[in-house]
Amino acid sequence: MNNIFRGLMVFLVGILFVSCSMPQTKIYSLSVPAGKKATDAKKQVLITLRVQAPRYLAQPYIAHRLSQYQLEISRYAKWDAPPSEMVKETFRDSLSATFQEVRTSNLPLDGSVMLTIYLKKFERVDVKSGELLFDAVLSSSEGRELQRVTAQKNIQLDSADDLGLAKGLSAALSEAVWEVIKGLENKI
């Protein structure tokens, strides 16, 4: 009887140990190439940059769209920063190569132009694809819209894991940012 009780206790402790262990949390970052070098003289313009995003894109968790109505947020895979912050940093770095001064704020200074990025999607769509979608709105410091550009990138992933998603979104973001900047250069 005593051996049965000990065996049962060892079994229960083993099950408790296995059920309480959590998978390892993995953190991913983007690697956006530097892109265009500042060889030409920078335009003498002050740009105020801001990024607005839904709440799930203002958190560092990796999102997977299951349907147009449902998102799944990963528990154990995260970005090193929220997607809204990564997009802001990429735009700031890229704009700084072309324009004299770039600042991030929600309020434009007098005489500056405001570039607002409305980040809509930054996620895995299925096992082998991801999507990046945002609108870039250029407006005067008085709030008058000068130009609107939409960037949408549907990407095929090299692998079905989150590392493949990070590589794919890095390339898509780099390409989309430079397309937007090229589209806006004539208006600024």
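Everything discussed here concerns the structure shown above.
The structure presented is a predicted model; accordingly, all values stated were derived computationally and were not measured.

Cut-offs applied
Residues numbered from 1 in each chain as written. Predicted model: local features only at pLDDT ≥ 70, side-chain atom pairs only at ≥ 80, totals over all residues. Heavy atoms only, no water. Core = buried A, V, L, I, M, F, W, Y, C linked by side-chain atoms within 4.5 Å. Buried < 20%, exposed > 50% of the residue type's maximum accessible area, 1.4 Å probe, protein only. Helix = DSSP H or I, 4+ residues; strand = E, 2+ residues; numbered from the N terminus. Contact = heavy atoms within 4.5 Å. Salt bridge = Lys/Arg side-chain N within 4 Å of Asp/Glu carboxyl O.

Enquirer: Is there a simple way to explain the nonpolar core in this structure?
Expert: Soluble, globular proteins show a tendency: their nonpolar side chains are buried together. Residues Trp-79, Phe-91, Phe-122 and Phe-134 are the most contacted members of the largest nonpolar core, which totals 43 residues. Element by element, the count of residues in this core is highest for helix H3 (residues 162-184), at 11 residues. Residues contacting Phe-91, with those up to four places away along its chain left out, are Leu-49, Leu-115, Ile-117, Phe-134, Val-177 and Val-180.

Enquirer: Looking at this model, I keep getting lost on the environment of Thr-25. Mind explaining?
Expert: Mapped onto the elements, Thr-25 comes out in the loop between helix H1 (2-20) and strand E1 (26-28). With 49 residues separating them in the primary sequence, Thr-25 and Ser-74 have C-alpha atoms 9.9 Å apart. Excluding residues that lie within four positions of it along the chain, Thr-25 makes contacts with Tyr-76 and Lys-78.

Enquirer: What exactly am I supposed to notice about the pattern of salt bridges here?
Expert: A side chain of one charge can pair with a side chain of the opposite charge if their charged atoms are brought near each other. Using the criterion set out here, one finds 10 salt bridges in the structure. Of the charged contacts in the structure, one is a salt bridge between Arg-92 and Glu-89, with a shortest N-O distance of 2.5 Å. Here Glu-89 and Arg-92 lie together in helix H2 (residues 83-96), a separation of 3 residues that amounts to about one turn. Look at Arg-92 and you get partly exposed, because its relative accessible area is 26%. Close ionic contact of Lys-153 with Glu-179 constitutes a salt bridge, the shortest N to O distance being 2.9 Å. Placement of the pair is Lys-153 in strand E8 (residues 145-156) and Glu-179 in helix H3, with a sequence separation of 26 residues. Relative accessible area serves as the criterion here: at 14%, Lys-153 is assigned to the buried category. With a relative accessible area of 40%, Glu-179 lands in the partly exposed category. When salt bridges that share partners are traced, they join Lys-120, Asp-135, Glu-145 and Arg-148 into one network.

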